[in-house]
Amino acid sequence: QVQLVESGGGLVQPGGSLRLSCATSGSIFGIYATGWYRQAPGKQRDMVATISDGGSTNYADPVKGRFTISRDNAKNTVYLQMDSLKPEDTAVYYCNADIKYRYYTGIRNYWGQGTQVTVSS
């Protein structure tokens, strides 16, 4: 089965940085469109950043200029570099990806389990 495993979350001071990683496991052919989403308590889950298989990126307005999404296709890993973090960035961050699994037909969408990011002094 395909799994997305996030890592890199934690507690950081305002203005600090974190780098989130989303690694895939299982027999996959590759990651297509992928992105990061976040959800704070009492809030809906919102898109943070996406990147296509061609490298085209898109960012939510609150994180533009501060976050950078990237991917390493050889490692089947997606990253989110978060700089100049603010308290309002506090949320559970989820990895999402379109993946071709060896034993399934076509491309399917998967979610990671989430990693907590807390920005506080």
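Structure shown above.
Residues numbered from 1 in each chain as written. Predicted model: local features only at pLDDT ≥ 70, side-chain atom pairs only at ≥ 80, totals over all residues. Heavy atoms only, no water.

Caption draft 1: Main features of the pattern of salt bridges. Within this structure, the stated rule accounts for three salt bridges. Here D61 and K64 are joined by a salt bridge, their closest N and O atoms 2.9 Å apart. For D61, a relative accessible area of 60% corresponds to the exposed category. The salt bridge involving R66 is made with D89; its shortest N-O contact spans 2.8 Å. With a gap of 23 residues between them, R66 in the loop between β6 (57-59) and β7 (67-72) and D89 in the loop between β8 (77-82) and β9 (91-101) connect regions that are remote in the sequence. One salt-bridge network, held together by shared partners, links R38, R66 and D89. (Salt bridge = Lys/Arg side-chain N within 4 Å of Asp/Glu carboxyl O. Buried < 20%, exposed > 50% of the residue type's maximum accessible area, 1.4 Å probe, protein only. Helix = DSSP H or I, 4+ residues; strand = E, 2+ residues; numbered from the N terminus.)

Caption draft 2: Region of the structure containing the packing of aromatic side chains. Here the structure, examined in full by the defined rule, presents four aromatic pairs. With 5.0 Å between their ring centres and 65° between their planes, Y37 and W111 make a pair best called edge-to-face. Of this pair, Y37 sits in strand β4 (residues 28-39) while W111 sits in strand β10 (residues 108-111); the two residues are 74 residues apart in sequence, bridging distant segments of the chain. Arranged with centres 5.6 Å apart and planes meeting at 75°, the rings of Y101 and Y103 form a pair that is edge-to-face. What makes Y101 buried here is its relative accessible area of 8%. Each residue in the set Y37, Y94 and W111 is aromatic and connected to the rest through ring pairs, giving one cluster. R19 extends its terminal NZ or CZ atom over the ring of Y79, reaching a point 4.0 Å from the ring centre. The aromatic ring of Y94 is capped on one face by R45, whose charged end is 3.6 Å from the ring centroid. (Phe/Tyr/Trp six-rings, centres within 6.5 Å; stacked < 30°, edge-to-face > 60°. Lys NZ or Arg CZ within 6 Å of the ring centre and 35° of its normal.)

Caption draft 3: Representation of the sheet that holds strand β1 (residues 3-7) within the structure. Pairing is antiparallel across the open sheet formed by four strands, whose spatial order is β1-β3-β8-β7. Unpaired on one side and paired on the other, β1 and β7 mark the two borders of the sheet. Averaged over all neighbouring strand pairs, the angle between strand axes comes to 15°, with direction disregarded. In terms of strand pairing, strand β3 (residues 18-25) meets β8 through six bridges, oriented antiparallel. Its bridge partner lying in β8, A23 is registered against T77. (Pairing = 2+ DSSP bridges. Axes fitted to C-alpha atoms, helices over the stretch in contact; angles between N-to-C directions.)

Caption draft 4: Local environment of the state of the cysteines. With the rule as written, the count across this model stands at one disulfide. The side chain of C22 participates in a disulfide bridge whose partner is C95; the two sulfur atoms lie 2.1 Å from each other. Negative torsions about the S-S bond denote left-handed disulfides, and the value of about -85° found for C22 with C95 makes this one left-handed. On the criterion of sequence distance, the pair formed by C22 in strand β3 and C95 in strand β9 is long-range, its members being 73 residues apart. Residue class for C22 comes out buried when judged on its relative accessible area of 1%. (Disulfide = S-S within 2.5 Å.)

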